Amino acid sequence: MAIDLTGINSSIKANDAQAKDLQQNQPLQTGPASDPGGNGEADQESAGQESDSVTLTQAASVLQDLQKTLSSLPVVDRSRVASVQNAISNGSFEIDSNRIAEKMLAFEQSLATDL
């Protein structure tokens, strides 16, 4: 039995192009469902042996790779933290209030446009 994660939202009907794409992404099935002729040979050969499989879309595979990459990176950039600490300690750290205000406004505007 194949489980197709690309078709989770069943309320949207796939058009012909989407249906072809889904068929291309499905793995070969083993077990009773793999007998295209319907003559029962697959049922006899694999009696009691069903195989489940999952097909990931290309986007899901990319996200999975990205997650692996991100999980290997440190959470904190220690060299950046050290340089900021040193700048604060010796009094050379400068705060650009205009830049901070611009970034805050840009962030707020991006939230408003996402609605």
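Residues numbered from 1 in each chain as written. Predicted model: local features only at pLDDT ≥ 70, side-chain atom pairs only at ≥ 80, totals over all residues. Heavy atoms only, no water.

**Q** Help me get a handle on the overall build of the protein, residues and values and all.
**A** Along the backbone of the protein there are five helices and two strands. The secondary structure elements of the protein, listed N-terminal to C-terminal, are β-α-α-β-α-α-α. For the protein, the proportion of its 115 residues judged to be buried stands at 6%. Once local pairs closer than 6 in sequence are excluded, the contacts in the protein between residues at least 24 apart make up 50%. Of the accessible surface of the protein, which amounts to about 10,200 Å², a share of 54% is contributed by carbon and sulfur atoms. (Helix = DSSP H or I, 4+ residues; strand = E, 2+ residues; numbered from the N terminus. Buried < 20%, exposed > 50% of the residue type's maximum accessible area, 1.4 Å probe, protein only. Contact = heavy atoms within 4.5 Å. Areas by Shrake-Rupley, 256 points an atom, 1.4 Å probe, with all protein chains shown as cover.)

**Q** Describe helix α3 (residues 58–72), listing the residues and the values that go with them.
**A** The end-to-end C-alpha distance of α3, which contains 15 residues, comes to 22 Å, matching closely the 21 Å that a straight helix rising 1.5 Å per residue would cover. A small share of α3 lies buried, amounting to zero of its 15 residues. (Expected span 1.5 Å × (residues − 1).)

**Q** Would you mind going over a nonpolar patch on the surface in detail, with residue names and values included?
**A** Together, I88, F93, I95, I100 and M104 line one region of the surface with nonpolar side chains, adding up to about 530 Å² of accessible area. Relative to the helices and strands, F93 is located in the loop between α4 (78–89) and α5 (97–113). (Patch = residues over 30% accessible without salt bridge, like charges linked within 9 Å, V, L, I, M, F, W, Y side chains within 5 Å. Salt bridge = Lys/Arg side-chain N within 4 Å of Asp/Glu carboxyl O.)

**Q** Quick one: what's the story with the environment of S89, residue by residue and with numbers?
**A** Mapped onto the fold, S89 is located in helix α4. Overall, the relative accessible area of 66% leaves S89 in the exposed class. Among the polar contacts listed, one links the side chain of S89 to the backbone oxygen of Q85, at a separation of 2.9 Å. (Polar contact = N/O pair within 3.5 Å; in protein donor to acceptor, adjacent residues only side chain to side chain.)

**Q** Would you mind going over the confidence of the model for the protein in detail, with residue names and values included?
**A** Scored by pLDDT, the protein comes out at a mean of 74, with 57% of its residues at no less than 70. Helix α1 (residues 16–25) is the least confidently modelled element of the protein, averaging 51 in pLDDT, while α4 averages 95, the highest of any element. (pLDDT = per-residue confidence, 0-100.)

**Q** Could you give an account of α5, with specific residues and numbers?
**A** Two residues of an α-helix separated by three or four positions point the same way, owing to the 3.6 residues in each turn. For α5, spanning 17 residues, the distance from its first C-alpha to its last is 24 Å, which sits close to the expected 24 Å at 1.5 Å a residue. Little of α5 sits inside the fold, with zero of its 17 residues counted as buried.

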